[in-house]
Structures are given as structure tokens and as C-alpha cells.
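# Structural description and commentary
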Amino acid sequence: MKRSASGVFSRHHKKKQLPLHVLNIAAPVTRIKWRPVEDTSDESLIAVATASIYGANAGGKGNIGLWSTKSPWMPMSVCEGHMEGAVLSFAWVKEEGKKQPRNEHSFGEEKWKTVITVGRDGQCLLQDFSYGHHPIFDVPRGCVAIANLTAFQKGFGSLQIMSVHQNINAGVSEGASNLVLAIADQGDVHDLTKSQPSSTVQIAPELTHLSRFSELYITKIGSDYTTRADLCRHNANVANGLAQKSITRMWKTLATILDGSELDGLPSSLSDTHSNSIANLLKPTLRKLLIQRADAGDVQSCVALCEVMDIICPPTSAGGSAKSSLPNLDISLIREWYLSYIDLLQHMCLFTQAAALIKTCKDPVINALNQNSTTIHESCPRCGKPLLGGTAAVQDDTGSSPQLSTQRVCRSCRARIGHCFLCHEPVKGIYVWCQACGHGGHHNCAIQWFKYHEQCPTGCGHKCNLHSNLFEKQSTN
């Protein structure tokens, strides 16, 4: 419908190409009127009277809302003066010289913001949209997207956080402050201490740089780090480079206590006391740090602290159970931290870090996880359906009866599986494939092809990352 010069809606023929405004209103509409304006350049505001969802003759509140064609998904203001019954009719009221209330929002023409309504409840009310409820102001202006870095980006397994701020055109002045967010990780990150704004909001800090911590943390004494205090200082530098202030303070606090106590770890006996007062603070401080990180959901820091301080005591006899070297900290709780962290690493596809942690853990329950069978599920590169294994019946050129062959065939699309994408021969030995498009083949064939090309040789159009990975490993070897 289009507004005519007299202010009355007129229906036009369907064949005429006229502008059409659509308002997304869920409730039944009883009356609708454009706001009178003296300047024809602004005709976007319209008053809409609605009834209960059960119909105009049913009970319920009778609302009248102020809508804008620029924001057709939500009313700018809603007045709910009629508590029983729908609004039967209403008219705009022109007010001049009225003082604006303190909580009033600007709706353009200040003298056309009041309506007089008549409801089924028998009441005649003068309602001001300035005092109504403004649902459009409750809409958040920003949105946040969180996703894992893919296997083709540096820092695979960490989270990349992106924020978008949009100005909702409500036809009113915007007074709400914007939420400040930052891109935490885009893959190629070395130091975030200078690039991250000071007034940012931390989202999922326990997962933001999961893969980077797991790769950069050092938890065992070696030639480069001869004391546990050195390990703590190194891990503090790692956390500081990733702009994780709370984790940085945790490692610095532990390093300071180890230096002051002149100890390189926890005492062997739970009842040992030392003349050095700082040494007596080591156990309660370490337990408090573990509980704080566990309450924050940061199982990675809990496991890293347990590995650095060697909290798990191995069983003294075969078939025994491991124990905790910290008082009032049960081994079952520590075991839950390890299991949760390993499960998190596996969900992030960080299988190397998970296997290394399982192998070096002193708890037999955790260490036995590597002894379980490992199953790798494959999918067909053509149709994407899961492969169920088995043999296929192949008939030779002589027309003899079909014979069983070890050649695998997809049961869904009958495509051959395990053949090289370049020479089309069955692959025996090392099989190299792209995790995105699913195509692969012989290691030597892949090196020969991707030495001069970036796209997959099958013609699927995907730019495989095998080009850089293969030649980095080849140059290293």
C-alpha cells in the first residue's frame, strides 16, 4: 500500500511497480496510520495498533507501536495503556510548545509523537511514545564470532575471535556505548602484548591460545632450563607474549617462591617443615593456584603446574595407585584435570600433544590410555560418506566369475579408494592426502606435482597446503 495525498491508504493494481514497505508484525493488526509530517522528505514513521494473538475480540492488552520502515523488524516504541481489549481506533495529536521530558528520545517531528486511542475496554487514552517501552534499544549492536583456526593456519587448535559492530537504524539517537573486542588470533601471532587494546573483553580465555600454550610450554627440566624456577619464568614469558596477564602472574608468583625458598620442587615428605618461612608457603600457594585455575575452567594451566612441580607420585609397587604430593588435593581430582585436558586436545585435533602428555604422565590410569586401540575413520573423497572397509568383487576382462580383491571401493558411489591422485596406481606405503578435499597419493608423486603447482591434480580446484608442508619437511631432512 502507498499513502495518498489525502492521507488515506489506497490499493493499487498489482502490475504497477510501486515501492512497498513490509513490517514484520506477529500480532493481529487492527489499525495503521502514517505519522503526519510537514516535510515530505521523511515519511518513515507509522503507528500500528495490535491486538492479542488470539484475535481482536479476545482479551489481553491492546498495544500501539511506533514503527519505522527503515527498521521493519521491531517497533521503536510501544505503549500499553489498554490492559483489556484491543485498540479500536486512534488519531495523531499535534502538540506545540510542550516541554520535552527527561527520558524522551528524539523521533524526528517532536510535535507529532502523541496519539489518542480508544480501546475495547471503553477507555480513551492520551499516550506519548516518548514514555513507551523502546525494545529497539535492547538489541545488542555487536556480534562476536568464535571459530577454531583451521589445520592450514599457524596456531591450529586455538580460537580466533572476531567482532562486528553495526549501527541499527532506529530513527533515534544512539546513546549506548560500544563493546570493545579484538581479534585475538589470526594464525601468525608472535607477540600480542602491544597489539591488543587495554579495554578488551576476554572470551573463553582457557581456549583462546590452547595450541600455542601446548606447543610453547616447557614442563620438564633439561639442558636449557636446569631448575623449575627457570621453567616457570619461561612459561611466564610465553603467557605474557600471548597477553594472558592472570596466567603470567601465576607463573611469576611460583618462580618467586621457588627462588626464595631455595627449593627445586616440593618436599618429599608431606610433613616436612623448613626454617625458611617462604618454603612453608610453597604447598598452600601451589594448591591455591591450582584451585583458582580449575575454577576458571583452565585445565591446561592445572596440568602444566602438575607437570612442572611433579605433583603426581608414581605407585611404589606394580598394580598400585598414584598419589598426590600436595595435602588436601586428591589424586582423583588431578586425574580429572588430565582426562579433561587430553579430551580437549583431541577435540582440537592436537593429537601429538595429547599423546606426549599421556606417555610422560606418572599416573598409570592416564599412562594406560596409549595402550588402548586407536581407530581412524575415513570418508570417501568423492561423496563424503564414511568408509566401512572390506573387500570388493572385481571382474577381469576375460569375463570369468568375479574374484575378491583387496582393492577398496566406496559402497555409496563405487569410487576406488586408496589410489594415487597423480599416477592412479594403488598406494602402498606412505600415503599423503589433503585434509580439506580428501585427495592424495604417493609421497613422491605429491612432491613432484606440488613442486610446480598449488591446486589439486584431480581438478577439484582446491589449493592444497601440501605445497609448503612437503617442501619444508624435505628441506629439513
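Calculation notes
- Residues numbered from 1 in each chain as written.
- Predicted model: local features only at pLDDT ≥ 70, side-chain atom pairs only at ≥ 80, totals over all residues.
- Heavy atoms only, no water.
- Helix = DSSP H or I, 4+ residues; strand = E, 2+ residues; numbered from the N terminus.
- Buried < 20%, exposed > 50% of the residue type's maximum accessible area, 1.4 Å probe, protein only.
- Contact = heavy atoms within 4.5 Å.
- Areas by Shrake-Rupley, 256 points an atom, 1.4 Å probe, with all protein chains shown as cover.
- Pairing = 2+ DSSP bridges.
- Axes fitted to C-alpha atoms, helices over the stretch in contact; angles between N-to-C directions.
- Expected span 1.5 Å × (residues − 1).
- Core = buried A, V, L, I, M, F, W, Y, C linked by side-chain atoms within 4.5 Å.
- Phe/Tyr/Trp six-rings, centres within 6.5 Å; stacked < 30°, edge-to-face > 60°.
- Polar contact = N/O pair within 3.5 Å; in protein donor to acceptor, adjacent residues only side chain to side chain.
- Parallel < 35°, antiparallel > 145°, perpendicular 65-115°, else oblique.
- 1 Å grid on protein atoms, 1.4 Å probe; cavity = no way out; pocket = protein on both sides within 12 Å on 5 of 7 lines; lining within 4 Å.
- Points joined across faces, edges and corners; volume = space filled by probe spheres on them.
- Nonpolar A, V, L, I, M, F, W, Y, C, P; charged D, E, K, R; others polar.
- Disulfide = S-S within 2.5 Å.
- pLDDT = per-residue confidence, 0-100.
- Salt bridge = Lys/Arg side-chain N within 4 Å of Asp/Glu carboxyl O.

Okay, the overall build of the protein chain next. Looking only at helices and strands, the protein chain features 11 helices and 19 strands. The burial tally for the protein chain puts 36% of its 477 residues in the buried class. The contacts in the protein chain between residues at least 6 apart in sequence include a share of 52% that link residues at least 24 apart. Accessible surface for the protein chain amounts to roughly 27,900 Å². Of this, 52% is attributable to carbon and sulfur atoms.

With that out of the way, let us pick up the sheet that holds strand β4 (residues 45-50). Taken in spatial order, the 4 strands line up as β3-β4-β5-β6 in an open sheet, and their pairing is antiparallel. The open sheet has two edge strands, β3 (29-34) and β6 (77-82), and neither has a second partner. Neighbour to neighbour, the strand axes of the sheet diverge by 20 degrees on average, direction disregarded. In this sheet, strand β5 (residues 62-68) lies alongside β4 in antiparallel orientation, the contact comprising 6 bridges. Paired with V48 across the two strands is G65, which belongs to β5.

The next subject is helix α5 (residues 282-295). Between its first and last C-alpha, α5 extends 20 Å over 14 residues, near the 20 Å set by a 1.5 Å rise per residue. Its buried side turned inward, α5 meets α4 (245-261), α6 (299-309) and α7 (331-347). Taken from the residues just after α5, G297 is the one with a positive phi, measuring 80 degrees.

A separate point is the sheet that holds strand β7 (residues 87-93). One open sheet holds the 3 strands; their spatial order is β7-β8-β9, and the pairing between them is antiparallel. The sheet is open, and its two edges are formed by β7 and β9 (124-128), each paired on a single side. Going from strand to strand, the sheet's axes swing by 25 degrees on average, the running direction of each strand aside. Examined bridge by bridge, strand β8 (residues 114-119) and β9 share 5 bridges and lie antiparallel to one another. Looking across to β9, one finds that V115 is bridged to Q127.

Next up on the list: the nonpolar core. In a soluble, globular protein the nonpolar side chains are often hidden away together inside. Counting residues in each nonpolar core, the largest one holds 49 residues, and the members touching the most others are W251 and L290. If you list the elements that add at least two residues to this core, you get α2 (210-216), α3 (228-241), α4, α5, α6, α7 and α8 (351-360). Among the elements that line this core, the one with the most residues is α6, at 8 residues. Ignoring anything within four residues of it in the chain, the contact list for L290 reads C302, L305, C306, I311, L326, L329 and W337. Among the nonpolar cores identified, the runner-up in size contains 13 residues, and A49, M76, C79 and F90 belong to it.

For the rest of this paragraph, the subject is the environment of M348. Note that M348 resides in the loop between α7 and α8. Given the relative accessible area of 8%, M348 is considered buried. Each C-alpha atom, one on M348 and one on L210, is 8.7 Å from the other, the two residues being 138 residues apart in sequence.

A few words on the packing of aromatic side chains. In the structure shown here, the tally under the stated rule is 5 aromatic pairs. Ring centres 5.9 Å apart and planes at 50 degrees place the aromatic pair W92 and F129 in the tilted group. You can see W92 sitting in strand β7 and its partner F129 sitting in the loop between β9 and β10 (142-148), a full 37 residues away along the chain. Considering the side-chain rings of F213 and Y217, the 5.0 Å spacing of their centres and the 35 degrees angle between planes classify their relative orientation as tilted. Just as F213 is buried, Y217 falls in that class too.

The next thing to look at is the side chain of D128. By the secondary structure assignment, D128 is in strand β9. Here S130 takes part through its backbone nitrogen, which lies 2.9 Å from a polar atom of the side chain of D128.

This brings us to the packing of α5 against α6. At a closest axis distance of 8 Å, the pairing of α5 and α6 adopts a crossing angle of 155 degrees. Between α5 and α6, the angle is such that the two are roughly antiparallel. In this structure, α5 contributes L282, L286, L289, L290, R293 and A294 to the contact, and α6 contributes S301, C302, L305, C306 and M309.

Next up on the list: empty space enclosed by the protein. The full count for this structure, using the stated rule, is 2 cavities of 30 Å³ or more. Its boundaries defined by the atoms lining it, the second largest cavity holds a volume of some 60 Å³. Of the residues belonging to the lining of the second largest cavity, the class tally is 5 nonpolar, 1 polar and 4 charged.

A positive phi is found at N328, a non-glycine position, where the angle reads about 60 degrees. Mapped onto the elements, N328 comes out in the loop between β13 (323-324) and α7. Backbone geometry at R414 places phi at a positive 65 degrees, although glycine is not the residue there. By secondary structure assignment, the location of R414 is in the loop between β16 (408-409) and β17 (416-417).

Right, let's get into the side chain of N235. Summarising the element assignment, N235 is placed in helix α3. With residues near it in sequence (within four places) discarded, N235 still touches Y217, I218, W251 and V308.

Throughout the structure, instances matching the rule amount to 0 disulfides. The structure places no disulfide on C434, whose sulfur is separated from the nearest cysteine sulfur, that of C464, by 3.7 Å.

A few words on the confidence of the model for the protein chain. Considering every residue of the protein chain, the mean pLDDT works out to 75; 66% of them sit at 70 or more. Within the protein chain, the element-level pLDDT minimum falls on strand β15 (residues 403-405), averaging 37, and the maximum on α6, averaging 93. This model gives residues 101-105 a pLDDT under 50, and the stretch forms 10 contacts once residues within four places in sequence are excluded.

Attention now moves to the pattern of salt bridges. Considering all chains together, one arrives at 8 salt bridges under this definition. With a closest N to O distance of 3.6 Å, D128 and K113 form a salt bridge. Note that D128 is positioned in strand β9 and K113 in the loop between β7 and β8, a separation of 15 residues in sequence. Exposure remark for K113: the relative accessible area of 7% places this residue in the buried category. For the salt bridge of D298 with R293, the shortest nitrogen-to-oxygen distance reads 3.0 Å. Exposure class is identical for D298 and R293. Each is buried. Residues participating in the shared-partner salt-bridge network are R228, D310 and K362.

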